[in-house]
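Listed below are the residues making up each chain.
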Amino acid sequence: MLRGYKPWPEDLKRYYKQTGCWNGETFGGFLEKQGREMNDHIAITDGSEVLSYRELNNRVDQLAAGFMQMGIVKGDRIVLQLPNIFEFFEVCFALFKIGALPVFSLPLHRKTEISYFCAFTEAKAYIIPDIYDRFDYREMAREVKEAVPSLEHIIVVGDNKDFTALSNLYVSAIQPLPEVQADDLAFFQLSGGSTGLPKLIPRTHNEYIYSLRRSVEVCELDHKTNYLAVLPVAHNFTMSSPGVFGVLYAGGKIVLSKYPSPDLAFPLIERESVDFTSLVPPLAIVWLEARKRRSEDLSSLKVIQVGGAKCSAEIAKQIGPAFNCKLQQVFGMAEGLVNYTRLDDCDELVIHTQGKPMSKYDDIRIVDEEDRELPIGSTGQLQAKGPYTIIGYFNAEEHNGKAFTTDGYYRTGDLVKLTKEGYVIVEGRDKDQINRGGEKIAAEEVENYLLAHNNILDAAIVSMPDKFLGERSCAFIIQKHDELSAKDLKRFLQDRGIASFKIPDRFEFVDRFPYTALGKVSKKNLREIIIEKLNDEKKVHY
Ligand code: J2J
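Analysis parameters
Counting of residues starts from 1 at the beginning of each chain's written sequence and follows it residue by residue. Only residues with pLDDT of 70 or above have their local features reported here, since the model is predicted, and side-chain atom pairs are shown and tallied only from 80 upward, although totals for entire chains, interfaces and linings are computed over all residues. To obtain the side-chain values, all non-hydrogen atoms of the structure were used and water was disregarded. The term nonpolar core refers to a set of buried residues drawn from Ala, Val, Leu, Ile, Met, Phe, Trp, Tyr and Cys, joined through side-chain atoms within 4.5 Å. Summary of the burial criterion: residues with accessible area below 20% of their type's maximum are buried, those above 50% are exposed, and those between are partly exposed, where the area comes from a 1.4 Å probe applied to protein chains only. A run of H or I in DSSP becomes a helix once it reaches four residues, and a run of E becomes a strand once it reaches two; helices and strands are each numbered from the N terminus. Any two residues having at least one pair of non-hydrogen atoms within 4.5 Å are treated as being in contact. Think of a 1 Å grid over just the protein atoms. A cavity is a set of points where a 1.4 Å probe fits yet cannot get out, a pocket is an open set with protein on both sides within 12 Å along at least five of seven lines, and lining residues have an atom within 4 Å of a point. Grid points are joined across faces, edges and corners, and a volume is the space filled by probe spheres set on the points. When residues are sorted by character, Ala, Val, Leu, Ile, Met, Phe, Trp, Tyr, Cys and Pro go into the nonpolar class, Asp, Glu, Lys and Arg into the charged class, and all the rest, Gly among them, into the polar class. Think of it this way: a Phe, Tyr or Trp ring, Trp meaning its six-membered ring, pairs with another when their centres are within 6.5 Å, and the plane angle makes it stacked under 30 degrees, edge-to-face over 60, tilted otherwise. Note on geometry: axes are C-alpha line fits, over the in-contact stretch for helices, and angles between N-to-C directions span 0 to 180 degrees. Convention used here: angles under 35 degrees read as roughly parallel, angles over 145 as roughly antiparallel, angles from 65 to 115 as roughly perpendicular, and any remaining angle as oblique. Criterion for a salt bridge: a side-chain nitrogen of Lys or Arg within 4 Å of a carboxyl oxygen of Asp or Glu. UniProt positions are given in the numbering used here, feature names are shortened, and annotations may be inferred rather than shown by experiment. Summary of the distance rule: residues count as near a molecule or strand when at least one heavy atom falls within 4 Å of that molecule or strand. N or O atoms within 3.5 Å of each other form a polar contact, as long as, within protein, one can give a hydrogen and the other can take it, and as long as residues adjacent in sequence are counted only when both atoms are side-chain atoms. The protein chains shown are the only cover counted for residues, whose accessible areas, like all others here, come from Shrake-Rupley with a 1.4 Å probe. Each pair of strands is called paired provided DSSP finds at least two bridges between the two strands. The path from the first strand over the helix to the second decides the hand: if it runs clockwise while the strands point away from the viewer, the crossover is right-handed.

1. Structural notes on the nonpolar core
Step number 1: Grouped together as the largest cluster of nonpolar side chains are 150 residues, with contacts concentrated most on Phe27, Phe67, Phe88, Phe89, Tyr126 and Phe245.
Step number 2: If you tally residues by element for this core, the top one is helix H4 (residues 86-98), at 10 residues.
Step number 3: Aside from chain neighbours lying at most four places away, what touches phenylalanine 88 is Leu80, Leu82, Pro83, Phe104, Val233, Ala234, Met239 and Phe245.
Step number 4: Core analysis: the second largest hydrophobic core is formed by 19 residues, Ile441, Val446, Ala459 and Phe507 among them.

In structure tokens form, the structure reads like this:
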């Protein structure tokens, strides 16, 4: 058993099996079955090359054998950092089949985050593209490898330089593969986080596949579905709600777009008759604008999902008419709970709510600061438990004491209210996080990076409203000597090697912070200060 991993307790396992939620399937098992049943049906395409279900399953078996030959065994952690390419799926399912555990990082993560994921999970291998989005991952991998002794292999898709080439690992398939049980851990997702270090989310075959099955039902996918993946496939939304894994589960076709821009995505929609896709709100705005000036035939689109951050009613209203399709709002989290508006819901619900839980076994409640349940219609903290919501983060005992209630609910940190129909409206958040157009920034994590600067006495990061991204980040800084500029600090953070979306959009240099009655930095006051300043600046402009 992996140290730091707390498996689901026996009584809950039994309960979710009895109710039929957990049906004993594994990722390897369901791909095997699709390989046989869907056979020559296209599983994945990027608009030029195609891979059928049979080919995908065969290539996965060859790669599983290659991984085993290089000494990767059941339970090993493998940090995966791949964009929307075929190999992402081959690697994932090969690891699933041998019971090794992918750790899903995002293409934008840089050496600080990656070294941390590798060290924290004692990863044996790190898998990267050669170059993606003008960034050379091999250079970063060199530094990561030096910093993390457990890393035995760097595996590269493409030009491998002096690392291992993924293409050399497709060897003759071997049988039998190690036995993988549906209750076993399958992989780690990443938490958006609110505290110092990113948390890892352990997901098992049984519970994640249940979330896929339920998502496929709610989103009405089947083997005729053509799903366009424009957001990173490693993110939980694009992966599972219903996402690329949901599409494979349903026997549909995944269309991969390497980037989300309409220049790439719209021609793919036309060419591949895409009927379903998922966007974050800022991307929906970009697509709405592009729709006015581009001429592709997008009439195949049936559903556009928007999630990851609050979609304003203004934007929500425009999507259906502009693309002549249905909008589905999705409010989910990598920790589990996913809410969807339903495809036959009235406009009122689709435009003004973030949907309702996908499973009748989801157990949600809305509470005040003392965990007392609130009546329907009041805004409070959302807590959740259920057949696919985790019961604890990986190796984070102390944090788990705060993030979960004693009766097993996950504290989502979201402030929501419920409509009389049981639909959720997201009103805000009480976690110390900035949601920058769907990309989550844990304030404390970035504050800690800044505190490492020898001229910074204190740092506090808050959100500021933004028309396009919903929120941007603003860092308030108290410096020791009056000499820093925003540019210096941006460079300092870049040099440290962190994801670019975490670098504050704005820096405010101040002499002191406002404090709450309890002596904590008042982020509420800081948010008010920056809003006032933004308003003043707007006045000056006009
Ligand atoms: C407001 N806030 C939202 C929404 C997520 C499906 C969809 C999204 C995610 C995801 C996911 C929101 N309106 N529609 O994993 O499977 C904010 C909330 C939430 C946090 C989770 C999925 N949709 N959010 O975004 O783990 O604050 O997952 O708690 O990245 O995003 O972020 P993450």
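2. Overview of empty space enclosed by the protein
Step number 1: Tallied over the full model, the rule gives 1 cavity of 30 Å³ or more.
Step number 2: Taken as a whole, the largest cavity encloses approximately 40 Å³ of empty space.
Step number 3: Forming the boundary of the largest cavity are Tyr5, Lys6, Trp8, Pro202, Ile390, Ile391 and Gly392.
Step number 4: Split into classes, the residues belonging to the lining of the largest cavity amount to 5 nonpolar, 1 polar and 1 charged.

3. Quick word on the packing of aromatic side chains
Step number 1: Taken as a whole and judged by the stated rule, the model has 35 aromatic pairs.
Step number 2: When the ring of phenylalanine 27 is compared with that of tyrosine 208, the centres are 6.2 Å apart and the planes differ by 40°; the resulting orientation is tilted. Note that phenylalanine 27 is positioned in helix H2 (residues 27-37) and tyrosine 208 in helix H7 (residues 205-218), a separation of 181 residues in sequence.
Step number 3: Phenylalanine 27 gets classed as buried once you look at its relative accessible area, which sits at 0%.
Step number 4: Judged by its relative accessible area of 0%, tyrosine 208 is buried.

4. Observations concerning the layout of surface pockets
Step number 1: A volume near 500 Å³ is recorded for the second largest pocket.
Step number 2: What lines the second largest pocket is a set of 25 residues, among which Lys6, Ile391, Gly392, Phe404 and Gly408 lie closest to the centre.
Step number 3: Looking at the lining of the second largest pocket, the elements with two or more residues in it are helix H1 (10-18) and helix H14 (397-403).
Step number 4: Top contributing element to the lining of the second largest pocket by residue count: H14, with 3 residues.
Step number 5: When its residues are assigned to classes, the lining of the second largest pocket shows 10 nonpolar, 10 polar and 5 charged.

5. Some remarks on the packing of helix H15 (residues 443-451) against helix H16 (residues 486-496)
Step number 1: At a minimum axis distance of 10 Å, the contact between H15 and H16 shows a crossing angle of 100°. Accordingly, the angle class assigned to the pair H15 and H16 is roughly perpendicular. Seen from H15, the contacting residues are Val446, Tyr449 and Leu450; seen from H16, they are Leu489, Phe492, Leu493 and Arg496.
Step number 2: Within the contact of H15 with H16, the residues separate by chemical class into 6 nonpolar, no polar and 1 charged.

6. Points about the pattern of salt bridges
Step number 1: Within this structure, the stated rule accounts for 45 salt bridges.
Step number 2: Taking the shortest distance from any N to any O, the salt bridge between aspartate 505 and arginine 472 comes out at 3.6 Å. With aspartate 505 in the loop between H16 and strand E27 (506-509) and arginine 472 in strand E26 (residues 470-479), the pair connects residues that are 33 residues apart, well separated along the chain.
Step number 3: Residues joined by salt bridges that share partners form a network here, namely Asp136, Arg138, Asp159 and Lys161.

7. Quick notes on the UniProt feature "domain: AMP-binding enzyme C-terminal" (unreviewed entry) in the chain
Step number 1: Here, the residues flagged by UniProt with the feature "domain: AMP-binding enzyme C-terminal" (unreviewed entry) are residues 445-520.
Step number 2: Along residues 445-520 one finds 24% helix and 33% strand; the C-alpha atoms at either end are 17 Å apart.

8. Quick look at the site of the ligand
Step number 1: For the ligand, the set of nearby residues contains 20 residues, the closest of which are His235, Ser241, Val330, Asp414 and Lys431.
Step number 2: Here a nitrogen atom of the ligand sits 3.1 Å away from a polar atom, N or O, in the main chain of glycine 308.
Step number 3: Between the ligand and the protein, one listed contact pairs an oxygen atom with a side-chain N or O atom of lysine 440 at 2.9 Å.
Step number 4: For the ligand, whose unbound accessible area comes to 620 Å², protein coverage reaches 96%.
Step number 5: Where the shell around the ligand is concerned, the elements lending two or more residues are helix H8 (236-240) and strand E16 (326-333).
Step number 6: It is E16 that provides the largest number of residues to the shell around the ligand, a total of 4 residues.
Step number 7: Taken together, the residues of the shell around the ligand sort by class into 8 nonpolar, 8 polar and 4 charged.

9. Digging into the sheet that holds E26
Step number 1: Taken in spatial order, the 3 strands make up an open sheet running E25-E26-E27, and their pairing is mixed. A strand with exactly one partner marks an edge of an open sheet, and here the two such strands are strand E25 (456-466) and E27. Averaged over neighbouring strand pairs, the angle between their axes works out to 25° when direction is ignored.
Step number 2: Here E25 runs beside E26; their pairing, made up of 10 bridges, is antiparallel. The partner of valine 462 across the bridge, within E26, is cysteine 474.
Step number 3: On the sheet, H15 packs against E25, E26 and E27 and is oriented at approximately 140° with respect to E25.
Step number 4: H16 rests against E25, E26 and E27 of the sheet, and its axis sits at about 125° to E27.

10. Some details on the pairing of E26
Step number 1: Buried residues dominate E26, accounting for 8 of its 10 residues.
Step number 2: The pairing of E26 with E27 spans 4 bridges and is classified as parallel. Bridging from a neighbouring strand, alanine 475 pairs with phenylalanine 507 of E27.
Step number 3: In this region the chain leaves E26, passes through H16 and returns to the parallel neighbour E27; the handedness of that crossover is right-handed.

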